[in-house]
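Overview (structure and organization)
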2 protein chains.
Amino acid sequence: MVRWEPGTLERLQLAALELFEERGYDGTTVADIAARAGLTERTFYRHYADKREVLVSGSEELAALFAATIAAQPDGTTPLAAVAAALDAVGPFFDSRRPFSVRRQGVIAASRDLQERELAKLNALTGTLAEALGQRGVGESTARLVATVGVSLFHIAFSQWVSDPAGRPFNSFAQAALDDLREQVPSTS
Amino acid sequence: MVRWEPGTLERLQLAALELFEERGYDGTTVADIAARAGLTERTFYRHYADKREVLVSGSEELAALFAATIAAQPDGTTPLAAVAAALDAVGPFFDSRRPFSVRRQGVIAASRDLQERELAKLNALTGTLAEALGQRGVGESTARLVATVGVSLFHIAFSQWVSDPAGRPFNSFAQAALDDLREQVPSTS
């Protein structure tokens, strides 16, 4: 139903980021964003329900990629290995949008409301991963545990990646977090 | 500075829980809570900044207990073993307030706003644990990882404990989650 206008999403996202950086998230309206992008408010609302949506764009795509990668692993793959494969699969998603992610992170860091919504999104991602593991026959409590650990690894890797001055790829942080987990866990006995 | 009135906190907590259950969190005011407890609003505000505070009462005590237990572990204790000791130490804290915790959980489950605040509190607890591990000389990224895993274990154990019809002790769920983690992690190789 949405009439496609080339570059519209990118223009709205860029305008929103600029304004959030300049005036703060709370101080920016949808009308401001549309005007900065040279578009109408009506066009904005064709693509996004509200100003917050501009920032979370892509998060459903990400959750779907996690779930699909877990589902695609061969039979016999352990739950953690399936989650590790999913962490590997999402790397290019982030690396391809690094400048957006870095600026977005700055906006989120400046708003407690947005930080809480980010945590809620990570919690929802945990649910998605647990469900994907459950569909592979992993028992409920193990699925929840491994999903939670997987999202923890993701969160840590993302935090390090987004603040890395050298701009190293996402996967190098995910792999390091996973190696660190393997080193830390069995050492308790 | 606070004039102590025996049973005041318990009366306010019970009144708040009853009203949150009856009218919902959003539909309850501080005036309602004070009236139900047979106290004045002024007395309420001597103890709590707002109606949310009634629900989070105890969370700083909990974070302090986690941190103190981690700090008290002998030299050479691995980071995960220190976190496991802390999970063990907080068990009695929960078991002693089981009825309150169960009702509180029902109130939180009914409010998205309260759920987001709970997640924010878990995130703050992660910071507390990471700091306590850092003070033991654990490197920053490992401290963050083990703290995140520890809070994940805590969250899972708490969810299972609070909804357990048999009312088994908190520690049995924490131990099961930890055993499950140990089983799941090294199996990826």
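Everything discussed here concerns the structure shown above.
Residues numbered from 1 in each chain as written. Chains lettered and ligands numbered in written order. Predicted model: local features only at pLDDT ≥ 70, side-chain atom pairs only at ≥ 80, totals over all residues. Heavy atoms only, no water.

Here the second copy of the chain follows from the first by a rotation about an axis and a shift along it. Screw-axis analysis of chain B against chain A gives a translation of 0.0 Å along the axis, an RMSD of 0.0 Å, and a rotation angle of 180°. When the rotation and shift are considered jointly, the pair of chain copies conforms to a two-fold rotation axis. A symmetric contact is evident, with 100% of the interface residues of chain B recurring at the interface of chain A. (Least-squares fit on C-alpha atoms with pLDDT ≥ 70 in both. Contact = heavy atoms within 4.5 Å.)

Here the focus is the interface of chain B and chain A. Across the boundary between the two partners, chain B contributes 32 residues, which contact 32 residues of chain A. Roughly 2,900 Å² of surface becomes buried between chain B and chain A when both sides are summed, with 63% attributable to carbon and sulfur atoms. Where chain B meets chain A, there are one salt bridge. Across the salt bridge formed by Glu116(A) and Arg117(B), the nearest N and O atoms sit 4.0 Å from each other. Run the count over chain B and chain A and you get three residue pairs in polar contact (both at pLDDT 80 or more). Elements that contribute at least two residues to the side of chain B that touches chain A include exactly α6 (79-95), α8 (112-134), α9 (140-162) and α10 (170-184) of chain B. Per element, the largest residue contribution to the side of chain B that touches chain A is twelve residues, and it comes from α9(B). In terms of residue class, the side of chain B that touches chain A is built from 14 nonpolar, eleven polar and seven charged. (Buried area = accessible area lost by both parts, 1.4 Å probe. Salt bridge = Lys/Arg side-chain N within 4 Å of Asp/Glu carboxyl O. Polar contact = N/O pair within 3.5 Å; in protein donor to acceptor, adjacent residues only side chain to side chain. Helix = DSSP H or I, 4+ residues; strand = E, 2+ residues; numbered from the N terminus. Nonpolar A, V, L, I, M, F, W, Y, C, P; charged D, E, K, R; others polar.)

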